[in-house]
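# Descriptive structure summary
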Amino acid sequence: MTPDMFFLLASILFSIGLVGLVSRKNLFVLYMSIELMLSSVSLLLATLSKVLDDTSGSVMALLMIGVIAAEAAVFLAMIIHLYRENRTIDSDTFHTLSQGENNA
Amino acid sequence: MIEQFLYASPMATVVLGALVLMLLANSTLTLSRLNLIAVSFLGLSLILQFSLYGDKSTAFLFETIFGDTFILDDFASIFDMMFTAGAMLTLLINNDYFKSHTYFSGEYFALMLFSLFGMMMLSHAHELLTAFIALEIASLSVYALVGYHKSNKVSSEAMMKYIVLGSMTGAFFMLGTALIYGSVGSTSLTEIANYVNGNSLDNIPMLIIGATFIMLTILFKIGAVPFHSWVVDVYHGAPYPITMYMASTFKIAVFAIALRLYLVDFAPINSFWTELLQAVTILTLFGGSWLAINQSLVKRMLAGSSIVHSGYLLIALSSIGLGSKVAAPAIMFYLIAYFISAAGAFGILSFIDSQSKRQMKYEDFKGFAQRRPYMALMMSIFMLSLAGFPSTIGFLGKFYIFTSAIESGQILLAGLGILTAFISVYYYFKLIAMMYFYPSEEEQKVFPVNISTILIVMMALIVVWGGIGTTLIPYIPGADGFMEIAIEAMSSLR
Amino acid sequence: MLEISIFSILALFMIGGSIAMISNKQTVFAAFGFLVAMIALAGLFAMLNSQFLAIAQILVSVGAVVVLSMLTILTVNAQSKSLPQEPNKTKWIILTSILVAPFTILLYKTLTTLPDHFSTMETINTKVLGKEMFSHWVLPFEILSILLLSAMVGAIVIARKSKKKEDNTTQTNSRERSRP
Amino acid sequence: MMDHILSNIIFLPLIIAMVMGVVQAPVKVLRLGAFFSSVVTLFLVLWLAYHYDPHGGMQFVEQAPWIQSSGFTYFIGIDFLSLIMLLLITLLMPPLYLYMMHEKRKGYWYNMMLLQTGVTGAVLSLDLVLFYLFWETMLLPIFIMIGKYGNGLRQYNSMKIILMTILGSMSMLFSIMYLGYMYFETTGVWSFALQDLATLDFDAQTFIWLAAGFLLAFAIKIPLVGFHTWMAPAYGSAPTPAVVIMSSIMAKLGIYGIWRFGFGLFETTLIYYAPTIIVLALIGLLYYAIRAITEDNLRRMFAYSSGSHLSLIALGIFLTNIYAWSGSLYFIGTHALASAGIFLMIGLLYKRFKTVHISELGGIAGKAPKFAFFFAFFALSIAGLPGTGGFVAELLIIIGAFKTNIWIGVFTATTMLSAMVYIFWMLQRTLFGTANNTTEFSDLNLREVILLLPLVILLILTGIAPSLFTPMFEPQLSLFLQDALHAIGASK
Amino acid sequence: MLSIIVVLPFFSALLLGIVYLGNTKAKRYTFYTIIGVGTPMIMTLLSFIVTYQVINGSDTLHTTLLQWIAIGDLNISIAFMADRLSVVMISFITFIGTLIHIYAAGYMKEDEAYGKFFAYFNLFMGSMLLLVLSDNPIMMFVGWELVGLCSYLLIGFYHHDTANITAANKAFILNRVGDFGFIMALALLFVHGAEGGFTFEAIATHISAIDPEMLSLIGILLFVGAMGKSAQIPLYVWLPDAMAGPTPVSALIHAATMVTAGVYMVARYSFIYVEIPDVGIFIASIGAASALFAAIIACYQSDIKKILAYSTMSQLGYMFIAVGLGAYSAGIFHVFTHAFFKALLFMGAGAVIIALHHEQNIFKMGGLKKHLKLVYITMFIATLAISGIPPFAGFFSKDAILVTAFTSEHYIIWGMGTLTALLTAFYMFRMLFSVFHAQAKEEHKLQALPKTMTQPLVVLAIGAASAGFLGLNEAYGGHALINTFLSLPDMKLHVSHATEYMLGGLNVILALLGMGLAYTLFAKNAEEAKENTRFKSLVIHTFYIDELYDILIVKPLLKISRLIENIIDPKIFDGFINLNIWGYLQSAEMFGTLQNGKVRYYALYILVGLSAISCYMLIKLEVL
């Protein structure tokens, strides 16, 4: 078992997160993609911690979990709010701020 | 030890204020009262910062406990003061706005103070994770603030965009941190600086890539093209006080960490980014002016133009990479200049909104000079400053930026900068034209003397004084004073 | 060998879960995919000898975050008809995957410049972690609490039902109102 | 008052305007204040001219640090060039204010006072940044004057003039910054003072680019052909006082700039541009004149006329001999007076007829002989009739042109013809013949005669006794020329 | 003294002008008359004194009024010089001018703008004297231009009629075309030959330093100036139209001032033309062509003033033949004599016109012999003089010119001149007979003529009859007083008396022939020429020269102007600017469409940026 595998995994996870973020309209998926990206950084940090023989990485990974939680709170609150106001979780329906709409 | 506490006191005051306001949020106090409380906390903090400015016997706060995560230098102090002042201005100028818009509640002030705390932390952070968390504090609070007008679709939409995109790019900051950690074995900026100095540019690719990812986050936050698309929408959707806060204060906060990173820690490898930054700068300059030029809402125009201003700052940033001496103070000065001018412009817009409850389009400004001659005069001053017209502080800002570009041999960038500055004249002057060139159907209105208007007047005076001011009047820093501050801040950054 | 196979299984779960997450139309299924990925991540942490991290991951990410998400999903109770219509989803995924590829390669290639073996390090248990955290990481830890606090306030503000609906000026531009 | 006389001259109008603005002066007080400021500055300038030593160099110099961190200085002084410009400005202001006496809109007065400060400052600045500041400052009042008080497509035209001139000034700013930085790099000190920057020495290519920055600004301001499309619309839309300042002072500032900064900084490089500019100027001379023939709007017609003559002046500068130079300098003065006169006349015409279109006029001479006399006089002085100063200047430039090259001379001499055609045809259709309207036309009243008389007298005086005026600038001009020729010769 | 002669009329013009403008409605007939007519009288007196001084005393008088300009080598003073040439000029200019002033006081009596008229008139005199007396080319040019201006003002005196103003414009602009040549010549002269100063005397002494080719160019350009002022082909078209002004104006322009300036100028620059005889021949040819051309046209005109105008042009042609061939004195002599009879003719014509209530068509007059006896007699004398019938003035001066042409072996020029002499007699008598002899078509109610209008005619008639004797040459028993007095660098030609008599005889015969022809055709019953042949119609329409000018110059200018207005300015220059703006706005538009409001797309842009940065790093860091 080499760190490379972990690295590969972390890279792929981060990329998957990005892909999900860009290609999906569902706000939940967006949210989870971001969580996935952050989690993959966590994984990366933990791996690095082990590779470098340094505890800091793990601590950072731990703190990252806290950050993830904080983001989750705001994000979920936002989804609830948006759903309540607009009855949809489709990110594409929110486009009243586009250039075209404001320069009629 | 006591003095350590003293050094911590400004930030502690802010946090304390945030907590107090959070607790008072549901009390029966009116918004004006809460505003007063928030401002008094900020004022206290500002006074503490002033009194502590300059005499730093220690470099790091609680070094025994915190290690080198919290740096104490003039650079950070000056940024602190700017943030605090920015927050105070935002709160005071928008006092009317809060009163006239019912959706504000007590938590608003708590969030403002939280985000301010995050920014201050950001300027003091000497460790990447701390910086990240600080940035997150600032960002999360601002996310909530942007969506504060909840019954408004636009506001919610802006918040959604900001959260999604902000979190997305925030992840890159952390990714970069992880890579740097992997490369250096520590996230302390001291260690990183040592590591960078000890290695040549060729054998630290991982650190460079990590730093680039961090830069990506920063580019996003300042709205550089192609990470710019949120700017116009979010500025538009957010309530005026928040837009003002973001445009003036938050943007500076991002530069606080950016300058610390790229001026000190990554200084030896800065040249790596030159071409990248140049490309981004060119895109930003043009993209920004493209966005600004055909907006009909003034707020969106200002948002677009703020992208252009980021472009100017990027010019200086890439000049730093090429070894320009004047670039760093130039950035600092420009930040001050832009801070005052943009805050003033948004302040007037918010004032108008609080009076008449409307988003101002260009057309709505027709006859404004006749209805409100003083407001129009001040708006013109801010517009001129943003356009870089001489005799305003904005001109000097641009002057320094372009000089730095010339110094570093980036003639093309300087030329493009001047070209976009020229284009910007169009959309700024268009507003002046709207205000002055059309008659008004209504009579002249009384100039309301209250805290908001007085502050706007003062800022207009500072804009002019900062452009032509000399040492004629002592203690009121003219251009020289601001430049001294900028140089001092930069020189402490070691 | 065992480690590799465990890793493979976990990695498979993770990637599978993530892919399920980004490709599933149904939000709930996506969330399950995410849940699987998160649990697998905890497993991976454990494999990295970071027990506390694994536990924390289970507790916070899985126990709190994902469950909260599930709850939210249920609250929102999005019916399949109210879910976003994404006919071009696959195209988008392919497009973005192509765009993301250089980044992934870059990331992976850079990371592989690091030593390709793990150091034989002691297990990062709670004690080690705690000691480290309160010796070097006090400040981030402290301000993390402020982050959580502000996030909480923010979340409350955002999620709270708006009091009144009348103040809708920023959106509308009604001409009747007085000029500024 | 006399210790900082130049500063007083520059800032007096501004200060009065600011005081008036702060105390919310009613318009009656305001216009008295404005008139007072113009008269006081006129006397100050006359005092200055009296004490001015035509053989001395830069005089009445004031230098004070301004923004020290970047070496901007408040550096003003006066020499023959600035003196002439300054005299023109201050001479024109009182008649202008007299002209405006019945104006009730306050903004008019504020803008005019700001404008006076702007142009005066630009003329006296010896620090490039200071110059740039005034150079831009004088645009603002013009912007407002055209856009707010103008007529026709005023908003569009106002924007057009602002954008085009700022394009020029931006390019100039670039060159200024480059020069300043280079000085810093060479000496380690920041300075933007003209005489400091003049010591810089670059390779020819750099100089060519830097000079281009300046020349673009000046070419747009003059305007040379190709940079001129702002001119006619702006002149056509602007209210009379603004037009007078634009044609009499601001356009000349382009010429002044070439002289002061072009020859001050890049003598040798200007040779590189000389052929281009000479050709442009010669084209402009005829182009504008021909364009003016069919123009129906009087303001626009004289805008083109102005362009034609300014091309001639610009041509004179690039011929670098004493005749052409003195001619150009002389022309700056006389053309300023004449064009101020004619635009004032057009303003008076507009007040009476509410039109400036030739096709709607006619037969004025029958109704108002005095008006017709003044109108015709100014029109003829613009055409360079002997006996008015314009002739002296044209003669000198033509001689200078022939001195340089016979073909340039031939084209330059066409100025004798070009102006005649449109001016006489215009006179025919406005003053003479039968009226195309039924408007009652009152002749000039005493106030109007008084405001016009100084211009007439000066124009005649400059025409019949140029020797009264030439000693004011001749000694220094020849020295300046020798320096320039020396530098040019050295570079060859 | 000299200064006063020049400056006085300017002052009186200024005075008259101010008084007139002060109150245009007021009638100040006496005041205007005293100032207006008194000034030329004083000038006449003074110029006679000056002439006397020159005749008896030193060769030339110099006065410097003030220094005009001193830049580099250009040191010009407003200075006056009275040499023999100029005193001859000023004496007859002031003398005849005064007579015309007196005449005008009667002619213009009823006019509302009487004061203005005299202001212009005095200005005209002053300008002409400045032209004649100035001691340097620049001041001469100033006078030259002012003369043009005054002619503009006077031709357009009746400014309510657009046609008059058009005529004035035409006069001034064509003059200005001439000035264009003049100023170029001056500039070249200055640039190449001003080492010793820029007065006539200084230039004359340094003339040899100038390269002959350059000198020829200068000579030709100077002559272009003369062409404009003296109405030679091709710049003559203003002259007939200039009749739009009041008749005294025509008299002044055609007799004493303005048109003769060209001849004077060539004589003044004789030191140049002596060096370049080829150019002289060119001048003479132009003169001859003009003379013949104008004479042909005059034969078919029916407007009395136009006939006189063309006759002036024709006579000017003679003068140019003379000065072109180097017989400067002969030219000036003809100027001198011509001044008398032409002034007389015009004033007579004016008298007729006034008497007939502004009727100018000769074929509508007729039979005035009895009614206007004095006018008839004086005009008859003038006609005889112009036709070259001895002993009247015209014969001697014209004869001198033709003799020169003949003996210098330019037979074509001589032939044209002689033919012109025949035609001159014909058309002049045609006019005379039509007006005074022919049967009246209708009954005329004549207006009485004031004495101020008739008495100057008598004075002039005496002059016209006797002025020729001043230049009587040896062949006719005189001593060529004027020629010797002028002492111009004339070409020395040896002429036998036989030749002179032969040529003189020929002239007289031809003149009588023309007279006879005119008598048979017009003395009884004058009929207006009909356009029944192509030639006639061509001549009556003055060879369509005006139309030619219109097509060749005026129309193209207007076309170019409109082209600039409609195409070049808006489409090319503004077009270029607008194209840039359009392009910029278009790209802004396109960039704006990226801003479509959908967060997915925004994320996509970020991803694209990330991807690009990644690629950049992949390449730059060579991690692959």
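Every value quoted in this text rests on a predicted model; they were computed, and no experiment measured them. (Residues numbered from 1 in each chain as written. Chains lettered and ligands numbered in written order. Predicted model: local features only at pLDDT ≥ 70, side-chain atom pairs only at ≥ 80, totals over all residues. Heavy atoms only, no water.)

### Remarks on the arrangement of the chains
Counting contacts across all eight pairs of chains that touch, the top pair turns out to be chains A and C. A gap remains between chain A and chain D, which never touch, and the nearest two C-alpha atoms on either side lie 20 Å apart. The two units chain C and chain D remain apart, with a minimum C-alpha distance of 20 Å. (Contact = heavy atoms within 4.5 Å.)

### Observations regarding the interface of chain B and chain A
Opposite the 38 residues of chain B that make contact, chain A presents 40 residues. Taken over both partners, the interface formed by chain B and chain A buries close to 3300 Å², and the fraction arising from carbon and sulfur atoms is 73%. Taken as a group, Glu-157, Met-160 and Tyr-181 of chain B account for 19% of the area that chain B buries against chain A, more than any other trio of residues on that side. Put simply, chain B and chain A have zero salt bridges between them. Our count for the chain B to chain A interface comes out at nine residue pairs in polar contact (both at pLDDT 80 or more). Contributions of two or more residues to the side of chain B that touches chain A are made by helix 7 (128-146), helix 8 (153-184) and helix 11 (229-237) of chain B. Ranked by residues supplied to the side of chain B that touches chain A, first place goes to helix 8 of chain B with 19 residues. Of the residues in the side of chain B that touches chain A, the class split is 20 nonpolar, eleven polar and seven charged. (Buried area = accessible area lost by both parts, 1.4 Å probe. Salt bridge = Lys/Arg side-chain N within 4 Å of Asp/Glu carboxyl O. Polar contact = N/O pair within 3.5 Å; in protein donor to acceptor, adjacent residues only side chain to side chain. Helix = DSSP H or I, 4+ residues; strand = E, 2+ residues; numbered from the N terminus. Nonpolar A, V, L, I, M, F, W, Y, C, P; charged D, E, K, R; others polar.)

### Considering the domain arrangement of chain E
As far as domains go, chain E holds domain 1 (276-527) and domain 2 (548-623). For domain 1 of chain E versus domain 2 of chain E, the distance between C-alpha centres works out to 73 Å. (Domains from an automatic or database assignment.)

### Points about the confidence of the model for chain E
Residue and element names in this part refer to chain E. Averaged over chain E, the pLDDT score is 84; the fraction of residues at 70 or greater is 98%. No element of chain E has a lower mean pLDDT than helix 20 (residues 481-486), at 73, and none a higher one than helix 24 (residues 599-621), at 91. Quick note on the complex model: pTM equals 0.91, ipTM equals 0.92. (pLDDT = per-residue confidence, 0-100.)

### Some details on the interface of chain C and chain A
In this complex, chain C contributes 82 residues to the contact, which on the side of chain A involves 70 residues. Remark: the boundary between chain C and chain A carries zero salt bridges. One can count eight residue pairs in polar contact (both at pLDDT 80 or more) joining chain C with chain A. Of all the elements in the fold, those that place two or more residues in the side of chain C that touches chain A are helix 1 (2-23), helix 2 (27-47), helix 3 (51-76), helix 4 (89-111), helix 5 (126-136) and helix 6 (138-159) of chain C. A per-element tally of the side of chain C that touches chain A places helix 3 of chain C first, with twelve residues. Its residues assigned to classes, the side of chain C that touches chain A shows 53 nonpolar, 20 polar and nine charged.

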